Each structure stands twice: as C-alpha cells, then as structure tokens.
Amino acid sequence: MRTSCTLGPQVMFTKTLSRMGRQLILLVLICFYSSTLSAQEPGPAKPEAEKKDEQPEKKAAGVESILPKPLIVINVASVERILSDIDFIFELAERPEIAEIASASLANVNDLEGIDKNKNLGVELYLKTGLIPQPVPTMYLPVTKVRTFLDTLEKLIPGDEETIKKDTDRDDLYVINGRRGESIIRFQDDYAHMLFQGVENETSLDMISSRDFGDPSEKLQNLSTAYDLSIKFDLNAIPELMRTTFLGFFRTAIETQLQQRDGESKAAYELRRMAGKQNLESIEYFLSEGQELVFGGRIEKEEKRGVVDMLIKARPNSDLARAVKNIPGKASYFSVITSRENLPLAVSASMNLDPRDRKIYQKYLNYFEKQLSEKLLTEEERLQNTSSIQQFFSPVKTMVDKGHIDVFTQLVSTPTKKFALIGGIKVAPSSNLPASLLDIINRIDQLPDNKAHIYTNAETVQGIALHQMQPESKTADDKQQRFLGGVPSLYVGADNEVIWFAMGTEIAVAALNEAIETINTATPEARKEQRTAPVQMEFHIRPWLNLFSEAEIQDSGVMKILDGAFQKENDLVLVTTQPTETGVRTRLQFDEGYLKLLGIAISKQFDRNQERRAKREMERKFKMPEEEEQIK
C-alpha cells in the first residue's frame with residue numbers, strides 16, 4: 001500500500017527523478033537525432049483558396065515521405081508494473097519508505113490523472129525519407145479522460161509559455177503552441193499520440209493528424225506481456241535502398257580503419273583485418289537476414305529474479321532462420337561437469353555451426369596454423385604434410401568441418417578457497433594428437449626468445465600427460481597470491497579426442513583431474529544428457545567474496561554492501577543463448593541478490609542527496625542572519 005510521506009524527501013525524490021528523466025531524454029535524443037531539427041519561420045500568408053487547393057496534395061506528400069512503420073519502439077508495460085517493480089526492489093533492500101516517496105511524488109504531476117496506469121505507453125520513432133533520413137519520434141500515452149489528461153500534461157510540460165488548445169476543425173486534435181513551435185496531440189483508440197517538441201514541421205505535423213497509428217495496447221501486446229520495459233528495432237521498416245546506402249557508407253568506413261598502421265606487424269595486421277572483415281560481414285548478414293531485434297527486461301517477483309532478453313527474429317525462409325533452428329546439436333562431451341553449481345565463472349558451448357560460421361572458424365584456424373608453422377618449423381618441414389603442427393590442427397579442423405563445436409572452461413573454487421582455471425576442447429579422434437602436442441611444446445622450449453620454464457610430462461591426470469609452462473617470475477604478487485595461491489603455471493595435455501588445459505598452482509592439476517574423472521566415471525546415459533543451453537555462461541559472486549577475510553570485508557564499504565546483499569543461494573548471473581520458434585534468444589538472468597544490490601545502491605544515493613540538501617539548507621539558514629546584519 002502506498003502512502004504519502006513528508007514533503008522534504010518527496011521533493012528530493014522528485015528532483016532525483018527529474019534529473020534522471022532529463023538524462024534519459026538526452027540519451028534518447030542523442031540516439032535518435034542524426035541532425036538538429038528546428039522549427040521553420042512561417043512564410044508569407046497565402047490566400048485561403050490557394051491553401052485549400054494545396055491541402056490535399058500536401059497531405060498525401062506528407063504521408064508518403066514518412067515511412068509507414070516505426071523503426072524503433074520503446075514500450076513500457078504500464079505505470080502500475082513499474083511502480084510494482086520499484087516497490088519490490090526497495091522491499092528487498094529493506095527501504096520500503098523510498099518506494100512510498102516515489103509513489104507520493106506523482107502528486108507533483110497531478111497523480112498522472114487522465115492516464116490509464118494499467119496500459120502500455122512509450123515512444124515510436126518514424127523515419128522521414130530524404131538524402132539524410134530524419135527521425136520523427138512520437139509518444140503514445142493511454143488516456144482515460146481527455147480533459148483530465150490535458151490538465152496533467154500541462155503540469156508535465158516545462159515552462160509556462162506553452163498553451164494547449166483544441167483544433168477548430170477536429171475533435172481528435174489538440175495543438176500545443178510554444179516558443180519552440182507547434183505540436184499536435186492526436187487522440188485515437190483511447191491513446192494520445194504526441195510529437196516531441198522541437199521536431200515539428202509540415203510533414204511531421206501532417207503525419208500526426210492523418211495517420212492511423214493503430215491501438216498500441218493490441219499491436220504491442222506481446223512486448224507488454226513479456227517485458228516491463230522493452231525496445232524493438234524493426235528492420236523491415238527500413239527500405240531496401242536506404243539499407244543498401246547505409247551499408248555502403250558503413251563498409252567504406254570500416255575498410256578505411258582496416259589499413260595497416262605504422263609499426264604494426266604483419267601478423268597483427270592480418271589478424272585485425274580478418275576480425276574487422278568478419279564483423280562487417282556479420283552486420284551485413286544480420287541486416288539482410290534479420291527481421292526484428294528486441295531488448296526486453298522484467299522482474300519475476302515470485303522467483304525473485306530479473307530477466308533481460310535480446311531476441312533476434314529472422315526473416316522467414318532465410319539462411320539465418322534455418323541456421324538458428326540447428327544451433328542445439330548433440331549433448332556436450334563435458335555435459336556432466338558443465339552443470340556443476342556455485343562455480344565462480346563457467347562458460348560452455350556445444351552447438352552446430354552453419355556453413356558460413358564454419359568458413360569463419362577455418363580462416364582463424366588456418367591463420368594460427370600458419371603463424372605457428374612459421375615460428376616453429378623449418379622451410380623444408382613446412383612443405384611436408386606430416387608435421388606435428390599439421391597433425392595437431394587437423395582434428396580441430398575436422399571437428400569444425402563436421403559443423404560442431406564443443407568447448408568448456410571453468411574457474412573452480414578449490415577447498416583452500418583459491419581459484420583454478422580448467423577447460424577442454426573436443427576434437428575429432430586422432431591417435432597422433434598427444435605426440436604432436438608434445439613435439440610443439442619441445443619446439444617452443446627451444447626458441448631463443450622463450451623465457452618460460454617448460455617441463456614436459458610434468459604431471460599425469462587420469463593417464464593424460466600434462467606439460468607445464470611456468471613464467472620466469474617465481475614470486476607471486478598480491479593478486480596472484482590471493483586469487484590463485486601463488487605464481488600460476490599453464491598446464492596443457494591431450495588424449496585422443498580432447499585438448500585439456502589448466503592454469504594455476506598445483507591445485508589446478510587436482511581440479512582438472514577431478515573433472516576428467518567425473519567425465520570418465522559417468523554413465524553413458526548421463527553423458528548423453530544435455531544439461532545446459534547450447535551456449536551458456538554463469539557467474540557466482542559469493543566465491544569471490546570468500547577470498548577476503550571478515551575484517552577486510554568490514555573495512556571496505558563496497559564489500560560490506562556486497563556481503564550483505566549476496567548469499568550462496570541468490571548470487572547467480574546466468575547467460576544463455578538458444579533458438580526460438582522464429583530466431584534466437586540470448587537471456588541474462590540474475591538472482592535476487594542483484595535486485596537487492598540495486599535497491600541498496602539507489603537508497604545510498606538518495607540518502608547522500610538528502611544529506612547534501614540538509615547541509616545546504618543549514619548553510620542557508622546561518623547565512624541569512626549574516627546578510628541581514630550586513631544590510632543593517
């Protein structure tokens with residue numbers, strides 16, 4: 001239940017919201033505006049007959065010059081949903097009074113009377129065609145009573161120079177006149193559609209008065225149901241010519257940046273150019289094959305977690321649509337260990353590759369094989385097809401050719417509360433893999449510029465020989481000692497179908513041994529079960545806090561807040577990528593502790609603002625008698 005509070009905190013919260021609102025508006029304007037639009041001066045008056053003759057022609061031209069569909073939609077599910085989220089966040093932070101202040105601050109804007117608080121609202125961005133496409137942003141607000149809504153709107157509009165008057169010819173139009181020009185409010189389907197002040201011109205004003213906007217509660221129902229706040233980019237709203245022109249400019253700009261830089265080595269330049277071209281091709285692929293891009297977020301109160309989605313909807317029957325349907329593939333070889341809980345950090349991928357991605361991966365593999373060959377092999381050896389480097393890369397390439405990638409890496413917290421990094425890459429079966437890796441390690445050891453200490457067959461785990469590469473330094477710095485327990489070494493080994501690695505002290509070897517043993521002793525049924533998404537990352541913050549003593553946590557303000565917000569059961573951030581019926585979705589899911597941390601952070605900022613306000617008020621009170629005394 002929301003109740004009113006004292007005037008001081010209410011005013012402070014209102015100012016905080018106002019400042020945040022101005023920053024949000026500035027961000028929106030920066031994103032939306034490709035050029036500054038200003039109201040044009042009125043031309044000389046024309047006879048009424050000429051105006052009537054020109055009106056139909058102008059109206060038709062105005063509708064045609066603005067694209068029929070919005071390019072971007074920012075949708076808020078409802079005012080009540082947002083207020084409910086605010087209540088929930090500050091309840092978790094044990095500061096419910098701030099949520100009450102937020103609700104009470106609405107009194108300064110007429111309690112949003114006339115606005116339906118249970119329906120969606122937001123902004124639509126249309127594009128006006130031309131040599132440089134210009135944005136036309138309009139706001140849509142659900143209305144219960146027109147007159148009450150206009151009263152509320154007058155309180156929302158800054159300054160006192162604007163006036164709102166009903167159009168003389170139509171009941172569904174109201175005109176806002178002010179120092180920045182003329183705007184129109186159009187009422188349709190219980191919604192008010194409004195231009196942002198400062199973008200008015202003949203074309204955009206005509207669009208507001210003549211276009212059928214549809215009912216936002218119906219056409220955006222899917223967004224409002226799924227998310228509290230969402231942003232949709234409709235790629236179908238961009239005409240093909242405009243899309244092609246944009247890609248041409250973009251391609252030219254990227255290729256200009258891909259020239260070799262002064263002092264840049266040939267190898268570094270080749271890698272950077274290859275990555276740049278891949279990025280360019282990926283953007284072109286997305287713009288040509290994609291239909292929609294949606295970012296959406298919601299708070300799931302029953303589960304006490306937050307969810308943020310990025311959805312890519314592919315064009316029907318496109319290459320992208322076919323590719324994303326085949327992403328999942330078979331269960332990971334490492335499946336029984338990728339589902340372990342409470343890891344500080346874990347990343348896994350077991351997915352099918354479409355032909356386009358296979359070519360990209362092969363390019364990178366060929367590049368690294370070439371660089372390693374030039375570094376380690378003689379010219380005569382490079383001409384042969386039986387070198388250790390070729391035998392090492394061959395099973396990796398075969399795996400990619402088959403169209404499947406299967407990898408994992410984990411940051412493991414050991415019984416000593418220190419971390420170790422372990423991982424593995426599944427490749428096509430090859431009996432030459434262990435011997436070729438050993439030969440490569442020996443060749444690296446013989447390089448004149450090698451400064452690492454290399455020990456072949458240094459450790460053995462589950463019958464697999466691990467080769468150790470130890471840095472030159474033997475003294476661990478503070479971070480290495482705290483997180484890893486000493487100077488870390490890199491351990492690399494291979495059996496006939498997996499390349500294994502571990503990084504850390506000797507505890508990393510023990511952690512890798514435990515993981516491989518778990519895989520080897522699992523039943524065939526357990527190993528075939530897909531326990532994670534095709535691509536997944538998870539992060540737990542509590543193990544990181546366990547690296548610090550209680551005294552260290554209490555002495556640090558930030559760490560003390562983190563320690564109070566997170567427990568073992570509420571500290572997960574989970575990122576997954578998997579296909580949907582129409583495309584692919586990447587989801588970020590975060591536990592209750594992060595919502596609590598958000599509420600605590602806002603509460604702390606609110607308290608600091610109140611303290612500064614109280615200090616300024618106290619200084620003002622002490623200053624007034626001094627000024628009066630000076631006047632006397």
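Everything that follows concerns the structure shown earlier in this document.
These figures come from a predicted structure and were not determined experimentally. (Residues numbered from 1 in each chain as written. Predicted model: local features only at pLDDT ≥ 70, side-chain atom pairs only at ≥ 80, totals over all residues. Heavy atoms only, no water.)

### So, the pairing of strand β10 (residues 305-314)
Then step 1. Relative to β10, strand β9 (residues 290-300) runs antiparallel, the two being bridged by 10 bridges. What sits directly across from I299, in β10, is G306.
Then step 2. Hairpin connection from β9 to β10: 4 residues lie between these consecutive antiparallel strands, with K304 at a positive phi of about 55°.
Then step 3. As paired strands, β10 and strand β20 (residues 583-590) are joined by 8 bridges and run antiparallel to one another. In the strand pairing of β20, G306 is matched with F590. (Pairing = 2+ DSSP bridges. Helix = DSSP H or I, 4+ residues; strand = E, 2+ residues; numbered from the N terminus.)

### Side note on the environment of I66
Then step 1. Tracing the chain through its elements places I66 in the loop between α2 (48-65) and β1 (72-76).
Then step 2. Its relative accessible area of 1% is what places I66 among the buried residues.
Then step 3. The spacing of I66 and S204 is 138 residues in sequence and 7.9 Å in space, taken between C-alpha atoms.
Then step 4. When sequence neighbours within four positions are dropped, the list of residues in contact with I66 reads Y126, L127, K128, V136, T203, S204, M207 and R211. (Buried < 20%, exposed > 50% of the residue type's maximum accessible area, 1.4 Å probe, protein only. Contact = heavy atoms within 4.5 Å.)

### Quick look at the pattern of salt bridges
Here the idea is simple: oppositely charged side chains can pair when their charged atoms come close.
Then step 1. In this structure the tally under the stated criterion is 28 salt bridges.
Then step 2. Note that K219 is salt-bridged to E124, the shortest N-O span being 2.9 Å. Of the two residues, K219 sits in helix α7 (residues 216-219) while E124 sits in strand β2 (residues 121-128), which places them 95 residues apart along the sequence.
Then step 3. You can call K219 partly exposed: its relative accessible area is 39%.
Then step 4. Here E124 falls in the buried class, since its relative accessible area comes to 1%.
Then step 5. Of the charged contacts in the structure, one is a salt bridge between E497 and K426, with a shortest N-O distance of 3.4 Å. Residue E497 is found in the loop between β16 (489-494) and β17 (498-504), and its partner K426 is found in strand β13 (residues 419-426); the two are separated by 71 residues along the sequence.
Then step 6. Residue E497 is classed as partly exposed on the basis of its relative accessible area of 27%.
Then step 7. Residue class for K426 comes out buried when judged on its relative accessible area of 13%. (Salt bridge = Lys/Arg side-chain N within 4 Å of Asp/Glu carboxyl O.)

### Quick look at helix α3 (residues 79-92)
Then step 1. Spanning 14 residues, α3 covers 20 Å between terminal C-alpha atoms, matching the ideal 20 Å at 1.5 Å per step.
Then step 2. Those residues of α3 that fall on the buried side of the exposure criterion are V79, L83, D85, F88, I89, F90 and L92.
Then step 3. Note on α3: the residue one or two positions beyond its end, E94, has a positive phi of about 60°. (Expected span 1.5 Å × (residues − 1).)

### Details of the packing of aromatic side chains
Then step 1. For the structure shown, the criterion picks out 16 aromatic pairs.
Then step 2. A centroid spacing of 6.3 Å and a plane angle of 55° characterise the contact between Y140 and Y191, whose relative ring orientation is tilted. In this pair, Y140 is assigned in strand β3 (residues 134-142) and Y191 in strand β7 (residues 191-195), connecting sequence segments 51 residues apart. This pair shows no difference in class: Y140 is buried, exactly as Y191 is.
Then step 3. Look at F246 and F250: their rings are 5.9 Å apart centre to centre, the planes differ by 20°, and that puts the pair in the stacked class. One end of the pair, F246, and the other, F250, are both in helix α9 (residues 240-257), 4 residues apart, so they sit about a helical turn from each other.
Then step 4. Look at F246 and you get partly exposed, because its relative accessible area is 45%.
Then step 5. Taken together, Y333, F334, F408 and W500 form an aromatic cluster joined through their ring pairs.
Then step 6. In this structure, R356 packs its charged tip against the face of Y285, placed 4.4 Å from the ring centre.
Then step 7. Between K426 and the ring centre of Y333, over which it is positioned, the NZ or CZ distance is 5.8 Å. (Phe/Tyr/Trp six-rings, centres within 6.5 Å; stacked < 30°, edge-to-face > 60°. Lys NZ or Arg CZ within 6 Å of the ring centre and 35° of its normal.)

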